[in-house]
Amino acid sequence: MWTTTERRTTISLSPPSTPRLRLRPAAPSGSVRTALDGAWWPRSADPAAELPGLILALQDHGPIDDHRPITHVLLRVDDWASRPRRLRIDGPADTRVVRLSWFDSLPAGLLTAIHADGRRVDLLTVPVSTTRAEAEAVMELASHPANHLHTPGLLAALTTAPGRTDRPGGQNASEDAWESEGGRLRGDPATR
């Protein structure tokens, strides 16, 4: 018979996926903490499908002699499709339940994982709909040792990147102008 806690625990029906994760290199002890520890690009907005692989990868990333589990994850409400409170993680060595807390007040795109010893990992969560090139660029920036941008600044860089468009087919304004002018760009001196 299941306990009340077990009934309220969400269990992923699929095996943990390999996360698209980029973490900054380990900093020497005593160095100043950067804004973020890296970035993660989930494949969907389903926390039960996406978080197990991420949590297992973050646990494996720590020092070899220090595999303290992640016990708590803080997430932004608007970044996810559902909001389970507990998630069972079936790892290679054990099974554990991780507590999930949901906040309206967290900055967009921020995910914080907390280890049993209190250490935390702050990650930019790249929106699922981001193109591969943009996701890789922003993940590289977020995980760079000299990065001082927080998640709102990094997400703003995604939406203001040169050539970025939300139009189907990836056409930008200059391509639209080219097509509407019969193959010539407006204002192009060579076509006058």
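Each remark here, short or long, concerns the structure printed above.
Summarised in this report is the structure supplied together with it. Each chain has its residues counted from 1, running along the sequence as written. At least 70 in pLDDT is required for a residue's local features to be given in this predicted model, at least 80 for side-chain atom pairs to be given and counted, and no such filter applies to totals for whole chains, interfaces and linings, which use all residues. Hydrogens and water are ignored here; the side-chain numbers use all heavy atoms of the structure.

Looking at the pattern of salt bridges
Here a salt bridge means any side-chain nitrogen of Lys or Arg lying within 4 Å of a carboxyl oxygen belonging to Asp or Glu. Within this structure, the stated rule accounts for nine salt bridges. Arg88 is paired through a salt bridge with Asp90; the nearest N and O atoms lie 3.1 Å apart. One continuous salt-bridge network, built from bridges that share partners, spans Arg76, Asp78 and Asp79.

Topic: the sheet that holds strand 2 (residues 21-23)
Read across the open sheet, the eight strands follow the order 1-5-6-4-7-8-3-2; overall the sheet is mixed. One side of each edge strand has no neighbouring strand; the edge strands of this open sheet are strand 1 (9-11) and strand 2. Averaged over neighbouring strand pairs, the angle between their axes works out to 30° when direction is ignored. Pairing geometry for strand 4 (residues 70-76) and strand 7 (residues 110-115), over four bridges, is antiparallel. Should DSSP find at least two bridges between two strands, the strands are taken to pair. Where helices and strands are cited, they refer to DSSP runs of H or I of at least four residues and of E of at least two residues respectively, numbered from the N terminus. Only C-alpha atoms enter the line fits that serve as axes; for helices the fit covers just the stretch in contact. Angles between N-to-C directions range over 0 to 180 degrees.

Considering the environment of Phe103
When you line up the elements, Phe103 lands in strand 6 (residues 95-103). The residues contacting Phe103, other than those within four sequence positions of it, are Leu74, Leu75, Arg76 and Val77. Contacts are residue-level and defined by heavy atoms, with any inter-residue pair within 4.5 Å sufficient.

Some remarks on the packing of aromatic side chains
Each aromatic pair joins two rings of Phe, Tyr and Trp (for Trp, the six-membered one) with centres within 6.5 Å, and gets the label stacked for planes under 30 degrees apart, edge-to-face for over 60, and tilted for any other angle. One pass over the full model with this rule turns up one aromatic pair. The interplanar angle of 25° and the centroid separation of 5.8 Å between the aromatic rings of Trp40 and Trp80 together place this pair among those described as stacked. You can see Trp40 sitting in strand 3 (residues 38-40) and its partner Trp80 sitting in the loop between strand 4 and strand 5 (86-90), a full 40 residues away along the chain. When a residue's accessible area, from a 1.4 Å probe over protein chains only, is under 20% of the maximum for its type it is buried; when over 50% it is exposed; and in between it is partly exposed. Residue classification places Trp40 among the buried residues on the basis of a relative accessible area of 0%. What makes Trp80 buried here is its relative accessible area of 5%. Geometrically, a charge over a ring is one whose NZ (Lys) or CZ (Arg) sits within 6 Å of the ring centre while staying within 35 degrees of the ring normal. Residue placement shows Arg20 over the ring face of Trp41; its charged tip is 3.6 Å from the ring centre.

With respect to helix 3 (residues 132-143)
The terminal C-alpha atoms of helix 3 lie 16 Å apart, and with twelve residues this matches the ideal 16 Å at 1.5 Å per residue to within 8%. Those residues of helix 3 lying buried are Glu134, Ala135, Val138, Met139, Ala142 and Ser143. End-on, the buried residues of helix 3 take up no more than an arc of 150°, which puts them together on one face. What a helix is expected to span follows from its residue count: subtract one and scale by 1.5 Å. It is the directions from the helix axis to the C-beta atoms that the arc portrays.

Brief notes about the nonpolar core
We define a nonpolar core as any set of buried Ala, Val, Leu, Ile, Met, Phe, Trp, Tyr and Cys residues linked to one another through side-chain atoms lying within 4.5 Å. Leu51, Leu58, Val73, Leu75, Leu100, Leu111 and Leu123 are the most contacted members of the largest nonpolar core, which totals 22 residues. Contributions of two or more residues to this core are made by helix 2 (47-61), strand 4, strand 5, strand 6, strand 7 and strand 8 (120-125). Here this core takes six residues from helix 2, the largest share from any one element. Discounting chain neighbours no more than four positions away, the residues touching Leu58 are Leu21, Leu23, Ile70, Ala113, His115, Val121 and Leu123. Ranked by size, the runner-up nonpolar core spans 15 residues in total, among them Trp41, Val138, Ala142 and Leu154.

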